Amino acid sequence: MLSQQATVFARSQVELSQRLIKFKNCRILRNHKIIREDLWVRNGKIINPEKIFFDEKSQAHVNVDCHNAIISPGFIDLQINGGYGVDFSYDVNTVEEGISKVSQKLLVHGVTSFCPTIVTSPKEIYHQVLPKIKRKAGGKHGATILGVHVEGPFISIEKKGAHPENCIRELENGFETLEAVYGDISDVSIVTLAPEKPRVPEVISELVRRGIIVSVGHSMADLMHGETAVKHGASLITHLFNAMMPFHHRDPGIVGLLASNEIPDGKTVYFGIISDGIHTHGAALRIAYRTHPNGLIIVTDAISAMGLEEGTHRIGQYSIEVRDHKAYIENTNTLCGSIAPMDECIRVFLHETLCPIEFALEAASLHPAKCLGISNRKGTLNYEADADFILLDDNLNVHSTWIAGECVYENDEHSIPKVDVQLAENKST
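What follows covers the pattern of salt bridges. Within the structure shown, the criterion is met by 17 salt bridges. Close ionic contact of Arg-209 with Glu-206 constitutes a salt bridge, the shortest N to O distance being 2.7 Å. In this pair, Arg-209 and Glu-206 both sit in helix 7 (residues 200–209), three residues apart, roughly one turn of the helix. The exposed category is assigned to Arg-209, whose relative accessible area is 62%. Several salt bridges converge on common partners, so that one network encompasses Lys-45, Lys-378, Asp-386 and Asp-388.

This part takes up the layout of surface pockets. When its volume is computed, the largest pocket comes out at roughly 330 Å³. Lining the largest pocket are 22 residues, with Gly-161, Ala-162, His-218, Ala-243 and Leu-335 positioned closest to its centre. Partitioned by chemical class, the residues of the lining of the largest pocket number nine nonpolar, eight polar and five charged.

Ranked by internal contacts, the top residues of the largest apolar core, which has 84 residues, are Tyr-182, Ile-237 and Leu-296. Per element, the largest residue contribution to this core is five residues, and it comes from helix 10 (residues 342–353). Apart from the residues within four sequence positions on either side, Leu-296 is in contact with Phe-271, Ile-273, Ala-288, Tyr-289, Phe-349, Phe-359, Ala-363 and His-367. In this structure, Ile-21, Ile-28, Ala-69 and Phe-389 belong to the second largest nonpolar core, which totals 18 residues.

Let us now look at the packing of aromatic side chains. Summed over all chains, the structure comprises eight aromatic pairs. Ring-pair connections join several aromatic residues into one group, and the members of that group are Phe-23, Phe-389 and Trp-402.

The rules behind the values
- Residues numbered from 1 in each chain as written.
- Predicted model: local features only at pLDDT ≥ 70, side-chain atom pairs only at ≥ 80, totals over all residues.
- Heavy atoms only, no water.
- Salt bridge = Lys/Arg side-chain N within 4 Å of Asp/Glu carboxyl O.
- Helix = DSSP H or I, 4+ residues; strand = E, 2+ residues; numbered from the N terminus.
- Buried < 20%, exposed > 50% of the residue type's maximum accessible area, 1.4 Å probe, protein only.
- 1 Å grid on protein atoms, 1.4 Å probe; cavity = no way out; pocket = protein on both sides within 12 Å on 5 of 7 lines; lining within 4 Å.
- Points joined across faces, edges and corners; volume = space filled by probe spheres on them.
- Nonpolar A, V, L, I, M, F, W, Y, C, P; charged D, E, K, R; others polar.
- Core = buried A, V, L, I, M, F, W, Y, C linked by side-chain atoms within 4.5 Å.
- Contact = heavy atoms within 4.5 Å.
- Phe/Tyr/Trp six-rings, centres within 6.5 Å; stacked < 30°, edge-to-face > 60°.

So this is what it looks like as structure tokens:
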């Protein structure tokens, strides 16, 4: 529940939307550094205060004392299957309600934007679900929906993980098959497929032409297949190390893309990595970080059990069971997604890699925004970007979450003092 001051501030956002808001007594993450500087917001955007001082000769209408908190861009999760009892691939009759519930709950963990992920499913599931998940701006109702991530069904049976084998498909007629299986792809942002499958290069080219990010994963591909996919436009690897051929010194497989000299000049290959302390060993996190830091993106791969007690839950067509803080396909030892929220994954990554705090935060904000091609407005605190950010303590615990300059979540039990909001008359200097 928002503190009384923040609630008054939120309720007054309509009339204050054109007014100047100054966040002071804070440290902000900008240009890969945490610096002591005020943050200025107007009309949901981060603005350059120099224009205010010298052109408009104005002062802030609203002053927000952040009590020395770190201000980071809001987190962006590119792979999340559900949470809080909701599975995006299974609860087909309550898709809108489920998306709404998860998007609101994610604010607690500093996630301001996300890509709901649909795992390998029957054709009719895609036709029911995909038209119901629309891109949507965030706010008090929840995090921004950046488009759907469809993970499968054009993947390898040998590396299916928690994806049902009977639903895995071939691209017999290339892109025509993909469209027939998915149906409506107007709100799809990412497609994960196995690059070794026949006709995949032409499908990648067409997806990229339509503005859809292609990710390689759940794959038996060798390095050459991975390089071919990248040359046709693939730019992302789905949960590095998981559900792919393990690294081998004579053919490093998809993992080798992190150090390949066949990547086109000027192109960055991004990769999601699950740093929940379970899916990826700390040494593997360090290898990925030291080998190709610019492409590293922290993802949760969270499932319906995130935020719930141990027991039986769902992921797509499978029942899952959570035991000892790990999620398995029921009656097996096959891991099938994470139950750790984004802020926890960031803290684990920071602890295991000993990377700078700035890098850990950017791996969950700036890097995914760059991957999606939206870093001019998301994942950054640069001027003219959307005012989507979070206030954190030095241990990276989330104190409050802001979307378009509005406080949409505040932790009542947190150690940082509550946000102090002061309304003042604007005066010319």
